[in-house]
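Observations on chain architecture
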Amino acid sequence: MKFSTRIDKEVTAERMFDALADFDRIERILMRRGVSVNRVDNISAGARAWDLAFDWRGQRRELRLVLVQFDRPERLALTGKSKHFDLRIDLSVVSLALQRSRLIFEIEVKPRNMRARLALQTAKLGKAQIDRKIAKKVEDFVAAAIG
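On a predicted model such as this, the values are computed, not experimentally measured, just so you know.

Some points on helix α3 (residues 114-125)
Because the α-helix completes a turn every 3.6 residues, residues three or four places apart line up on one side. Under the 1.5 Å per step criterion, the end-to-end length of α3 is 17 Å for 12 residues, consistent within 8% with the ideal 16 Å. For α3, the full list of buried residues reads A116, L120 and A123. Buried residues in α3, looked at end-on, bunch into an arc of 55°, giving them a common side. The outward face of α3, more than 90 degrees from its buried face, is lined by the exposed residues M114, R115, L118, T122 and L125. As for α3, its buried residues are in contact with β6 (85-97), β7 (100-111) and α4 (127-146). Capping the start of α3, N113 holds a side-chain oxygen 3.3 Å from the backbone nitrogen of R115, two or three residues further along.

This is the structure we're talking about:
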């Protein structure tokens, strides 16, 4: 299942990308929201990864996120794996003009078992509402990141 949104801002593509790639700031935001963040970088291999743990719907969820693509100032991609889902997060920044850029934010979620497949089927019924919530969260995040 895929979710996506587009956000246009009056900033350069480089500035937008730098704000989105400020991993230290993103870690602090997640920790303030109650997410346990553990960076598990492999410096010798040049890989960045995070182990995230959070409570959602009354259960503890764990997720491993790995940075798989970092092409400044255009594209950033992360893959994630949890007990029930595989996910991919793609952020693409496109320069529309000298001081105007667009963020294309996409999340693809794939089930890893039957229980997850059923959860995604149920989510499809409310996809429009989920798309609106994701768009609002991403908009708020970008606005706060750029200032």
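Quick word on the sheet that holds β7
The 7 strands are arranged β1-β7-β6-β5-β4-β3-β2 in an open sheet whose pairing can be described as antiparallel. Edge positions in the sheet fall to β1 (2-9) and β2 (36-39), since each has one partner strand and no second. Taken pair by pair, the neighbouring strands of this sheet meet at an average axis angle of 20°, ignoring direction. Bridge analysis of β1 against β7 gives 8 bridges, and the strand direction is antiparallel. Across the sheet, T5 pairs through a bridge with F105, a residue of β7. The sheet strands contacting helix α2 (residues 23-32) are β2, β3 (49-56), β4 (59-71) and β5 (75-82), and the helix crosses β2 at an angle near 150°. The strands that α4 touches are β1 and β7; relative to β1, the one it contacts most, it runs at about 35°.

Observations concerning the nonpolar core
Counting 35 residues, the largest nonpolar core has M16, W50, L65, I89, L103, F105 and V142 as the members making the most contacts within it. The residues contacting I89, other than those within four sequence positions of it, are L65, L76, A77, L78, F105, E106 and I107.

Details of the packing of helix α1 (residues 13-20) against α4
Where α1 contacts α4, the axes come no closer than 9 Å and their chain directions differ by 105°. The pairing of α1 with α4 is recorded here as roughly perpendicular in orientation. Listed contacts from α4 to R15, M16, A19 and L20 of α1 are F141, V142, A145 and I146. Taken together, the residues that form the contact of α1 with α4 break down as 7 nonpolar, no polar and 1 charged.

So, how was this worked out
Residues numbered from 1 in each chain as written. Predicted model: local features only at pLDDT ≥ 70, side-chain atom pairs only at ≥ 80, totals over all residues. Heavy atoms only, no water. Helix = DSSP H or I, 4+ residues; strand = E, 2+ residues; numbered from the N terminus. Expected span 1.5 Å × (residues − 1). Buried < 20%, exposed > 50% of the residue type's maximum accessible area, 1.4 Å probe, protein only. Arc of directions from axis to C-beta. Contact = heavy atoms within 4.5 Å. Polar contact = N/O pair within 3.5 Å; in protein donor to acceptor, adjacent residues only side chain to side chain. Pairing = 2+ DSSP bridges. Axes fitted to C-alpha atoms, helices over the stretch in contact; angles between N-to-C directions. Core = buried A, V, L, I, M, F, W, Y, C linked by side-chain atoms within 4.5 Å. Parallel < 35°, antiparallel > 145°, perpendicular 65-115°, else oblique. Nonpolar A, V, L, I, M, F, W, Y, C, P; charged D, E, K, R; others polar.

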